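Observations on chain architecture
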Amino acid sequence: MEITAANVWMMVSAALVLLMTPALGLFYGGMTRAKASLNMIMMSFVSAGIVGVVWVLWGYSMSTGEGVLGLFGNPFVSFGLGGLMGTPDLIKAGFAGTFAILTVALISGAIADRAKFTAWVLFVPIWITAVYCPLAFMIWGGGLMSQGGAVTAIFGQVIDFAGGAVVEISSGIAALVLAVIVGKRHGFGKDPGHRPHNVPFIMLGAGLLWFGWFGFNAGAATTAEQAGLIWINTLVTPCAAMLSWLLTEKIRHGHPTSLGAASGAVAGLVAITPSCANISPVAAIGLGLVSGVASALFVELKFKYGFDDSLDVVGVHLGSGLVGTLALGFIALPVNGEGGGLFYGGGVQQLIAQTVAVLITLALSGLMTAIIGLAIHKTIGFRVSHEAEVAGVDRSEHAESAYEFGSMGHSQFHPLGQHFAAAPSVRPAVTPAGPAGPARPAADDSVSPEAAEELQPAPASV
């Protein structure tokens, strides 16, 4: 069978979506403390490794094809993708797999700085099997909320083109549940050392996420007209969300920040995900403006209610996921002159369908995440020790460090051309004063991890 332009576009889109997972690692890695950044990046990378294998063996089969009570696909029908050999459906399977990888990786940001890597490695395949695959089947694969499904017959057809419920809301509520189970970081809300250590990483990660999101949203487009609408909406919604987030920051805190710009853009991308093919560009601007403000305010709820969502997964992905999914009840375009949201005279039917999808997603993902998370937490433990958290999970979990400035030494160049060997690094007795604060004694290898942490200068405000 000759390869078509549609085949090529889906393969390119799959590659774009796959890039989003290491981009997420950069985005999250920059938001953590320096001594936890590698662990954060590794949680994204290992999610790709685990889910890629699970997806080929039984994940894809569970998300499509022959269903079991409309809840999930039979895992043995396409086990190992053997039945897809010799068909173009392998392209579709690969494209769908990149969504699964990104979805579970999103959750990791809520438990940054304090989670055992082995616990995360155990959590990932179970969550994908018990939560993601059933939701993907129910909404996209022929299940309860798909066309002809039992829930659809009662409440109407759910619109979720690229994953507002399947990806964003499911990962957002899972992040909230897991953050509560694992508990707060030491010093949460008080320690200024919890501020992001590398804002350029955050900006780079956000930019790569935005780049990949064009494949995420438009990869399944079936016509040039649909692809064009999706592309424009994926451009303009994060633009508007970024601006409204920055304005919210300026009004509430006095300064628009780089972190706010990156987070606002991601919030807009989350909001447009379910509706990218079903709303007008003008409505997409309005959606972005609303989602930027909503997520900026939603992020602050963790301080009010005391749950430590380390990297704002709940505020951005659950918050804007809810906004984008429910907004379709108001701004969805009519199809062939029928249906549509309330603003187009379509009545409340679409809003009801979207609300039911949200409630089912919250219930399934929230309940199953609680069961999985508690089971792991009560057996092998989900959280590192206090000492390991203070010293940094990069060292305790991976025996690595993102930054090794102390071992670099000094190189000297003789004017006559003799290049001298690097001399041992000599620590000054006192760290000079600078923008980060007054002069401090230099950290010594003999100092305890807790004391060494206190001696570190606070990072510049972001």
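Owing to the predicted nature of the structure, the values given are computational and were not obtained by experimental measurement. (Residues numbered from 1 in each chain as written. Predicted model: local features only at pLDDT ≥ 70, side-chain atom pairs only at ≥ 80, totals over all residues. Heavy atoms only, no water.)

Points about the pattern of salt bridges
The final tally for this structure, using the stated rule, is 8 salt bridges. Taking the shortest distance from any N to any O, the salt bridge between Arg185 and Asp113 comes out at 3.7 Å. Here Arg185 is found in the loop between helix H6 (164-182) and helix H7 (199-218), whereas its partner Asp113 is found in the loop between helix H3 (89-107) and helix H4 (117-140), with 72 residues between them in sequence. An identical accessibility class is assigned to Arg185 and Asp113; each is buried. A salt bridge links Glu300 to Arg252; the nearest nitrogen and oxygen atoms lie 2.6 Å apart. One end of the pair, Glu300, is in the loop between helix H10 (281-299) and helix H11 (301-305); the other, Arg252, is in helix H8 (residues 224-253), with 48 residues separating them in the sequence. Taking the relative accessible area as the measure of exposure, Arg252 reaches 47% and is therefore partly exposed. (Salt bridge = Lys/Arg side-chain N within 4 Å of Asp/Glu carboxyl O. Helix = DSSP H or I, 4+ residues; strand = E, 2+ residues; numbered from the N terminus. Buried < 20%, exposed > 50% of the residue type's maximum accessible area, 1.4 Å probe, protein only.)

Details of the confidence of the model for the protein chain
Put simply, the protein chain has an average pLDDT of 89, and 88% of its residues get 70 or more. Every residue in residues 408-462 is under pLDDT 50, and counting partners more than four places away or in other chains gives 60 contacts. (pLDDT = per-residue confidence, 0-100. Contact = heavy atoms within 4.5 Å.)

Overview of the packing of aromatic side chains
Scanning the entire structure with this criterion turns up 12 aromatic pairs. When the ring of Phe95 is compared with that of Phe99, the centres are 5.0 Å apart and the planes differ by 75 degrees; the resulting orientation is edge-to-face. Taken together, the residues Phe95 and Phe99, both in helix H3 and 4 residues apart, mark about one turn of the helix. Judged by its relative accessible area of 8%, Phe95 falls in the buried class. Judged by centre distance (6.1 Å) and plane angle (65 degrees), the ring pair of Phe123 and Phe382 falls under edge-to-face. A residue pair is termed long-range when its members are at least 10 positions apart, and Phe123 in helix H4 and Phe382 in the loop between helix H13 (349-379) and helix H14 (386-391) qualify at 259 residues. With a relative accessible area of 0%, Phe382 lands in the buried category. Site record: aromatic cluster; members linked through ring pairs are Phe95, Phe99, Trp140, Trp213 and Phe216. (Phe/Tyr/Trp six-rings, centres within 6.5 Å; stacked < 30°, edge-to-face > 60°.)

Re the nonpolar core
In terms of nonpolar packing, the biggest core is built from 111 residues, with Phe27, Trp120, Phe123, Trp127 and Tyr132 touching the most fellow members. In terms of residue count, H4 provides more of this core than any other element does, 14 residues in total. Each residue touching Trp127, except ones within four places of it in the same chain, is listed here: Thr103, Val104, Ile107, Tyr132, Ser170, Ser171, Ala174, Ser365, Thr369 and Ile372. (Core = buried A, V, L, I, M, F, W, Y, C linked by side-chain atoms within 4.5 Å.)

Notes on helix H12 (residues 313-331)
Between its first and last C-alpha atoms H12 spans 25 Å; for 19 residues at 1.5 Å apiece the expected length is 27 Å, and the two agree. Buried residues dominate H12, accounting for 15 of its 19 residues. (Expected span 1.5 Å × (residues − 1).)

Observations regarding a nonpolar patch on the surface
Residues Ile154, Phe155, Leu342, Phe343, Tyr344, Val348 and Ile352 make up a contiguous nonpolar surface patch of roughly 660 Å² in combined accessible area. Summarising the element assignment, Val348 is placed in the loop between H12 and H13. (Patch = residues over 30% accessible without salt bridge, like charges linked within 9 Å, V, L, I, M, F, W, Y side chains within 5 Å. Areas by Shrake-Rupley, 256 points an atom, 1.4 Å probe, with all protein chains shown as cover.)

A look at H13
Each α-helix turn comprises 3.6 residues. Residues three or four places apart therefore point the same way. Taking 1.5 Å per residue, 31 residues should reach 45 Å; H13 reaches 45 Å between its end C-alpha atoms and fits that length. Phi for Gly381, located one or two positions after H13, is positive at around 85 degrees.

Observations regarding unusual backbone geometry
If you check the backbone angles, Leu69 has positive phi at about 60 degrees while not being a glycine. On the secondary structure map, Leu69 appears in the loop between strand E1 (67-68) and strand E2 (72-73). For Asp312, which is not glycine, the phi torsion reads 65 degrees and is therefore positive. Under the relative-accessibility criterion, Asp312 is labelled buried at 13%.

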